[in-house]
Amino acid sequence: MRMRHKKHERERMEAVQSYLVRGPEALSERQPLHLEIGCGKGGFIAEIARRNPDIQFLAVEKVSSVLVLAMEKAAAAELSNVQFFSGDVMRLAEYPLAGKCERIYLNFSDPWPRMKHAKRRLTAPSFLSLYKKLLTPDGTIVMKTDNVPLFEYSLLTLPENGFVLSETTRDLHALHDPDNVVTEYEANFSSQGIPICRLIARRS
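Student: How do you make sense of the packing of aromatic side chains when you look at a structure like this?
Tutor: Centre-to-centre distance and the angle between the planes together describe a pair of aromatic rings. Applying the stated criterion to the full structure yields six aromatic pairs. With a centroid separation of 5.1 Å and 65° between ring planes, the pair formed by Phe44 and Tyr105 is classed as edge-to-face. Here the residue Phe44 occupies a position in helix α2 (residues 43-51), and Tyr105 occupies one in strand β5 (residues 101-107), the gap between them amounting to 61 residues. Here Phe44 matches Tyr105 in class, with each residue buried. Judged by centre distance (6.5 Å) and plane angle (40°), the ring pair of Phe108 and Tyr185 falls under tilted. Placement of the pair is Phe108 in the loop between β5 and α4 (125-134) and Tyr185 in helix α6 (residues 184-191), with a sequence separation of 77 residues.

Okay, here's the thing in structure tokens:
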């Protein structure tokens, strides 16, 4: 379903445009750098950036009507260590990011359940090839999902494409991890008793 534009979206976007990456020359050179792909309304990126002021975060979102909400959260919290990228993640190949990302977060990505759409999953081989270019030699991918078929698919594609799995769990909240930053989707699914899967994979 197509997302509706938010009321006064253009004006709201202009009000927080300082957070938006507009070209390769505008991308901050500060490191360490962590990347979230598909930041949605920005609850996760705002909280993890608040907890880690010494890390630079880049959040990617291609739906402008939710991107503006994420940017407004960052602005309201007066965060200085977050930037946002509007568009498809594959465009990051055009930016000076090779070997600079220490961590990539994939939080509740679209599972694209039909096999004919498998290439669109964010853990499909084409995306993993991009991540390998962006990550530092010991960089990691942290993925959370409620979708078990997507999780199982990712458990196969990651090792097949140059990553080593260092953690897998099918019930994240049973671990009581104090460092886990809960996303909006995660809170909703957990309240319904749906277990959350998480994996951590490192470049091999």
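Student: Could you clarify how one ought to interpret the sheet that holds strand β7 (residues 163-169) in this entry?
Tutor: By definition, the strands of a sheet pair up through backbone hydrogen bonds, in either a parallel or an antiparallel sense. The mixed open sheet is built from eight strands, whose spatial order is β1-β4-β3-β2-β5-β6-β8-β7. Looking at strand neighbours, the two that pair on one side only are β1 (20-21) and β7, the edges of this open sheet. The pairing of strand β3 (residues 56-61) with strand β4 (residues 82-86) spans five bridges and is parallel. Residue pairing for β4: Phe57 is matched across the bridge by Val82.

Student: How should I be thinking about α2 in this particular structure?
Tutor: Along α2, the residues classified as buried are Phe44, Ile45, Ala46, Ile48 and Ala49. Packing partners of the buried residues in α2 comprise β2 (33-37), β3, α3 (64-76), β4, β5 and α6.

Student: What should I look at first to understand α3 in this one?
Tutor: Since the α-helix turns once every 3.6 residues, residues separated by three or four places project in the same direction. Helix length check: α3, at 13 residues, gives a terminal C-alpha distance of 18 Å against a target of 18 Å (1.5 Å per residue), a fit within 8%. Of the residues making up α3, those classed as buried are Ser65, Val66, Leu67, Val68, Leu69, Ala70, Met71 and Ala74. Looking at the buried residues of α3, the elements they touch are α1 (9-15), β1, β3 and β4. Glu78 sits one or two positions beyond α3 and adopts a positive phi of about 55°.

Student: I would appreciate a short explanation of the nonpolar core in the present structure.
Tutor: In globular proteins that are soluble, nonpolar side chains generally tend to be buried together. Formed by 33 residues in total, the largest nonpolar core has its most connected members in Leu35, Leu92, Tyr131 and Ile141. Mapped onto this core, the elements with two or more residues apiece are β2, β3, β5, α4, β6 (135-145), α5 (148-160) and β8 (197-203). Per element, the largest residue contribution to this core is five residues, and it comes from α4. Those residues in contact with Leu35 that sit more than four places away from it in its chain are Leu58, Val60, Leu92, Cys101, Arg103, Ile104, Tyr105 and Leu134. Ranked by size, the runner-up nonpolar core spans 26 residues in total, among them Cys39, Ala49, Ala59 and Leu69.

What counts and what doesn't
Residues numbered from 1 in each chain as written. Predicted model: local features only at pLDDT ≥ 70, side-chain atom pairs only at ≥ 80, totals over all residues. Heavy atoms only, no water. Phe/Tyr/Trp six-rings, centres within 6.5 Å; stacked < 30°, edge-to-face > 60°. Helix = DSSP H or I, 4+ residues; strand = E, 2+ residues; numbered from the N terminus. Buried < 20%, exposed > 50% of the residue type's maximum accessible area, 1.4 Å probe, protein only. Pairing = 2+ DSSP bridges. Contact = heavy atoms within 4.5 Å. Expected span 1.5 Å × (residues − 1). Core = buried A, V, L, I, M, F, W, Y, C linked by side-chain atoms within 4.5 Å.

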